[in-house]
Amino acid sequence: INTISAQFINVEPSDIGPEIDEALKLLGEFVEADRCYMTMLSDERDAVTGGYEWCAPGVQSQHNILKGRNLRETLTWAEQQFYRHNCLIVSSLSDLPPEAAAERALFEAQSIKSLLNVPITVGRKLIGLLGFETVRGERVWSEDTLAMASLMGQALGNAVERKRAEEERRSL
């Protein structure tokens, strides 16, 4: 965590993308996930605008599956969790409640067995999600992994927000 966080302290805003890619690789390998990603949300907080993704060897990318889609319409139950600043911790898709039927269908289509999504906030504003997924088997996410993911989500969120602020400043 310290190594990854330190990477973002002095990085130029234009170099943040490659640093995020490397951080996701390190995080994904560290927690033995099959996918690790950072999904960014629009300022209106309703659409996925893009993000970053790392996949273990042999694991298919799902990076663009939600890009441009309205989160409120696509994943209503999960969207409610994120906007309450709750983590989405799913060790088995069978753990999802009945009201998460859309989420279950999407996760099954992506071959997801387990996932952990942590809201990324700047201040109280939700700007994205840090996610970990397994596709090769189910996984119980430990409290240590959850704590690490929360810290890293904030570090990544601060880096992205710094990049946005720098881009805004340069466009003026």
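Everything quoted here is computed from the prediction, not taken from an experiment.

Asker: Lay out the sheet that holds strand E4 (residues 114-122) with the relevant residues and their values.
Answerer: A sheet is described by the order of its strands in space; here 5 strands give the open sequence E2-E1-E5-E4-E3, paired in antiparallel fashion. In this open sheet, the two edge strands, each paired with only one partner strand, are strand E2 (48-55) and strand E3 (88-90). Here the strands of the sheet are splayed against their neighbours by 15° on average, with no regard to which way each runs. Where strand E1 (residues 35-41) meets E2, 7 bridges bridge the pair, whose relative direction is antiparallel. Of the residues in E2, the one forming a bridge with Arg35 is Cys55. Across the sheet, helix H2 (residues 16-31) touches E1, E2 and strand E5 (125-134), and the angle it forms with E2 is around 50°.

Asker: So what about the packing of aromatic side chains? Which residues, and what values?
Answerer: Across all of its chains, the model carries 1 aromatic pair by this definition. Between Phe132 and Trp141, the aromatic rings sit 6.5 Å apart at their centres with planes inclined by 50°, giving tilted as the arrangement. The class of Trp141 is buried, set by a relative accessible area of 8%.

Asker: Summarise H2; cite the residues concerned and give the values.
Answerer: Under the 1.5 Å per step criterion, the end-to-end length of H2 is 22 Å for 16 residues, consistent within 8% with the ideal 22 Å. Turning to H2, its buried residues number three or more, namely Ile16, Gly17, Ile20, Ala23, Leu24, Leu27, Gly28 and Val31. Mapping the buried residues of H2 onto a view down its axis gives an arc of 130°, with all of them on the same face. Of the residues in H2, the exposed ones pointing more than 90 degrees away from the buried face are Pro18 and Phe30. In this structure, the buried side of H2 is in contact with helix H1 (2-9), E1, E2, E5 and helix H6 (143-171). Of the residues one or two after H2, Glu32 is the one with positive phi, at around 60°.

Asker: Residues and numbers for the pairing of E1, please.
Answerer: Counting buried residues in E1 gives 7 out of 7 residues, a clear majority hidden from the surface. Every second residue of E1 is oriented toward a common face, with Arg35, Tyr37, Thr39 and Leu41 on one face and Cys36, Met38 and Met40 on the other, all of them buried. Direction of pairing for E1 relative to E5: antiparallel, over a ladder of 6 bridges. Directly across from Thr39, in E5, lies its bridge partner Leu129.

Asker: How would you sum up the side chain of Arg35? Please name residues and give values.
Answerer: With respect to the element layout, Arg35 can be found in strand E1. Of note is the side chain of Arg35, whose polar atom sits 3.0 Å from the backbone oxygen of Gln60. Side chain to side chain, Arg35 and Glu133 meet in a polar contact 2.7 Å long. What Arg35 contacts, discounting residues up to four positions off in sequence, is Glu53, Trp54, Cys55, Val59, Gln60, Gln62, Gln110, Ile112, Gly131, Phe132, Glu133 and Val135.

So, how was this worked out
- Residues numbered from 1 in each chain as written.
- Predicted model: local features only at pLDDT ≥ 70, side-chain atom pairs only at ≥ 80, totals over all residues.
- Heavy atoms only, no water.
- Pairing = 2+ DSSP bridges.
- Helix = DSSP H or I, 4+ residues; strand = E, 2+ residues; numbered from the N terminus.
- Axes fitted to C-alpha atoms, helices over the stretch in contact; angles between N-to-C directions.
- Contact = heavy atoms within 4.5 Å.
- Phe/Tyr/Trp six-rings, centres within 6.5 Å; stacked < 30°, edge-to-face > 60°.
- Buried < 20%, exposed > 50% of the residue type's maximum accessible area, 1.4 Å probe, protein only.
- Expected span 1.5 Å × (residues − 1).
- Arc of directions from axis to C-beta.
- Polar contact = N/O pair within 3.5 Å; in protein donor to acceptor, adjacent residues only side chain to side chain.

Note that all results are geometric; they support no functional claim without further evidence.
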